[in-house]
Amino acid sequence: QGTEHQGPAVVFVGCFGCNSAIWQAVQPDVAQFARTIAFDPAGYAWSDHGPALSPQTMADDLYATLTALDENEIILVGFSAGMLPIYDFYTRYGSEFEVEALVSLEGSILDEIEGEWYQPENPLGLSAGMMNFLITTGLARPAAKQLQGPMPETIKNVAYYELVSESAQTRKALRTWASQYSQGTHDDVQRLLNSVAMPTDVTVVVLQTEDILDASDALPGYEDLTRRYAQVSVEWYKSWVEAAAPGSQLVIVPDSSHFIMFDQPRIVIDAVRDVVQR
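Model, not experiment: these values are computed from the prediction.

S.K.: Looking at this structure, I do not really get the overall build of the protein. What am I missing?
M.R.: The helix and strand inventory of the protein stands at 11 helices and six strands. Scaling as 2.2 N^0.38, a compact globule of 278 residues should have a C-alpha radius of gyration of about 19 Å, and the protein matches this with 18 Å. Projected onto its principal axes, the C-alpha positions of the protein cover 50 × 40 × 35 Å. Of all 278 residues assigned to the protein, the portion counted as buried reaches 52%. A separation of at least 24 residues holds for 80% of the contacts in the protein among residues at least 6 apart in sequence. Of the roughly 12600 Å² that the protein leaves accessible, carbon and sulfur atoms contribute 52%. Here the protein contributes 15 positive and 37 negative side-chain charges, whose respective centroids are spaced 6 Å apart.

Here you go:
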């Protein structure tokens, strides 16, 4: 969206379980002042099926996408696990682009605790065989729709959101979601944590919720990890912003869940606008 604008392209990258629909509360407004791209990983929406989701596969596909679109000057905006492929992309491909800034919406951190989220077993406790059975028979589709929940009231691009959300219930998309819980993804996250340093030679903007230490919405069995992860994240974000290039900042977002782009879209839009203008 916003293809008529010159200057840097704002590239939105969601989590391993996210598709381009999650950006439809902010992308339409950002497109009023910047060229925007919402990236669908392989296997989501209308993208072709691909390998298991991992930082490397998503970074490689992001590189192929931006190269095919002949984009050179970019601002990368990542949500949650979407920062992992952004770190990988910036490390391996960043020198081929003019990366003006990195914007993190409570994005993943380059700390060993990050690896605890990415185990070969899925958080539902289902075996690979059972997961495949549920997807193949279509039994997983109603559960996927229920987990997705209602459309956020802040969505601007309603038709697109509904269309992409419907595609998230296909076998292709469900298999893509399940692929993040694999040995390959686990190993690739560990590779990233062991080989990539905190990017400090670029402007960084981190959006952190005011109640980040609240673990009341954690998945059953993940309460302790959620609490420990939040504590480490607070210090990591602060250290990153302090070490990064001039203009970097940490923005504390009130009255928001982890899904900042749904709960406080205006703060996200303003943060991106500030980066584009500078």
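S.K.: So what exactly am I meant to see when it comes to a nonpolar patch on the surface here?
M.R.: Residues Met-130, Phe-133 and Leu-139 make up a contiguous nonpolar surface patch of about 300 Å² in total accessible area. Among the secondary structure elements, Phe-133 is positioned in helix 4 (residues 128–137).

S.K.: Would you mind showing me how to read the nonpolar core here?
M.R.: For soluble globular proteins, nonpolar side chains are generally found buried alongside one another. Membership of the largest hydrophobic core comes to 80 residues, with the highest contact counts inside it found for Trp-23, Ile-74, Leu-76, Val-77, Phe-89, Leu-105 and Leu-207. Once residues lying within four places of it in the same chain are set aside, the contact partners of Val-77 are Val-10, Val-11, Phe-12, Val-13, Trp-23, Ile-86, Val-103, Leu-105 and Val-272. If you look at the next biggest cluster of nonpolar residues, it comprises six residues, including Ile-135, Ala-144, Leu-174 and Ala-178.

S.K.: Before we go on, may I ask you to explain the packing of aromatic side chains in this structure?
M.R.: The description of an aromatic ring pair uses the distance of the two centres, along with the angle that the planes make with each other. Per the counting criterion, the structure on display carries 16 aromatic pairs. Plain terms: the ring middles of Trp-117 and Tyr-229 are 5.7 Å apart, the flat faces sit at 80° to each other, and that makes the pair edge-to-face. Note that Trp-117 is positioned in the loop between strand 4 (98–105) and helix 4 and Tyr-229 in helix 9 (residues 223–243), a separation of 112 residues in sequence. Overall, Tyr-229 belongs to the buried group, its relative accessible area being 13%. A centroid spacing of 5.2 Å and a plane angle of 50° characterise the contact between Trp-236 and Trp-240, whose relative ring orientation is tilted. Residue Trp-236 and its partner Trp-240 are both found in helix 9; the two are separated by four residues, about one turn of the helix. Among the residues examined, Trp-240 registers a relative accessible area of 0% and is labelled buried. Site record: aromatic cluster; members linked through ring pairs are Tyr-63, Phe-89, Tyr-93 and Phe-97.

S.K.: Can you help me understand a negative patch on the surface in this one?
M.R.: Where like charges cluster on the molecular surface, the negative patch consists of Glu-210, Asp-211, Asp-214, Asp-217 and Asp-255. Within the fold, Glu-210 resides in the loop between strand 5 (203–209) and helix 9.

S.K.: What am I meant to see in the environment of Gly-14 here?
M.R.: With respect to the helices and strands, the residue Gly-14 is situated in the loop between strand 1 (9–13) and helix 1 (27–30). Take Gly-14: its relative accessible area is 4%, and that puts it in the buried class. Taking the C-alpha atoms as reference points, Gly-14 and Glu-166, 152 residues apart in sequence, are found 17 Å from one another. Discounting residues that sit within four places of it in the chain, Gly-14 has contacts with Ile-22, Trp-23, Met-58, Phe-79 and Gly-82.

S.K.: Explanation requested: the state of the cysteines in the structure shown.
M.R.: The term disulfide refers to a covalent linkage connecting the sulfur atoms of a pair of cysteines. All told, the structure shown has one disulfide when counted by the stated rule. Sulfur-sulfur distance for the disulfide between Cys-15 and Cys-18 comes to 2.0 Å. On the sign convention where negative means left-handed, the S-S torsion of about 85° between Cys-15 and Cys-18 marks this disulfide as right-handed. Per residue, the accessibility class of Cys-15 equals that of Cys-18, and both read buried.

S.K.: Just checking my understanding: could you explain the environment of Ala-81 for this structure?
M.R.: With respect to the element layout, Ala-81 can be found in the loop between strand 3 (73–79) and helix 3 (83–93). Here Ala-81 falls in the buried class, since its relative accessible area comes to 5%. Along the backbone, Ala-81 and Thr-200 are 119 residues apart, and their C-alpha atoms lie at a distance of 19 Å. Beyond its immediate sequence surroundings of up to four residues, Ala-81 is in contact with Cys-15, Phe-16, Ser-108 and Tyr-118.

Criteria and cut-off values
Residues numbered from 1 in each chain as written. Predicted model: local features only at pLDDT ≥ 70, side-chain atom pairs only at ≥ 80, totals over all residues. Heavy atoms only, no water. Helix = DSSP H or I, 4+ residues; strand = E, 2+ residues; numbered from the N terminus. Rg over C-alpha atoms; globule rule 2.2 N^0.38 Å. Buried < 20%, exposed > 50% of the residue type's maximum accessible area, 1.4 Å probe, protein only. Contact = heavy atoms within 4.5 Å. Areas by Shrake-Rupley, 256 points an atom, 1.4 Å probe, with all protein chains shown as cover. Lys, Arg positive; Asp, Glu negative; His and termini not counted. Charge placed at Lys NZ, Arg CZ, Asp CG, Glu CD. Patch = residues over 30% accessible without salt bridge, like charges linked within 9 Å, V, L, I, M, F, W, Y side chains within 5 Å. Salt bridge = Lys/Arg side-chain N within 4 Å of Asp/Glu carboxyl O. Core = buried A, V, L, I, M, F, W, Y, C linked by side-chain atoms within 4.5 Å. Phe/Tyr/Trp six-rings, centres within 6.5 Å; stacked < 30°, edge-to-face > 60°. Disulfide = S-S within 2.5 Å.

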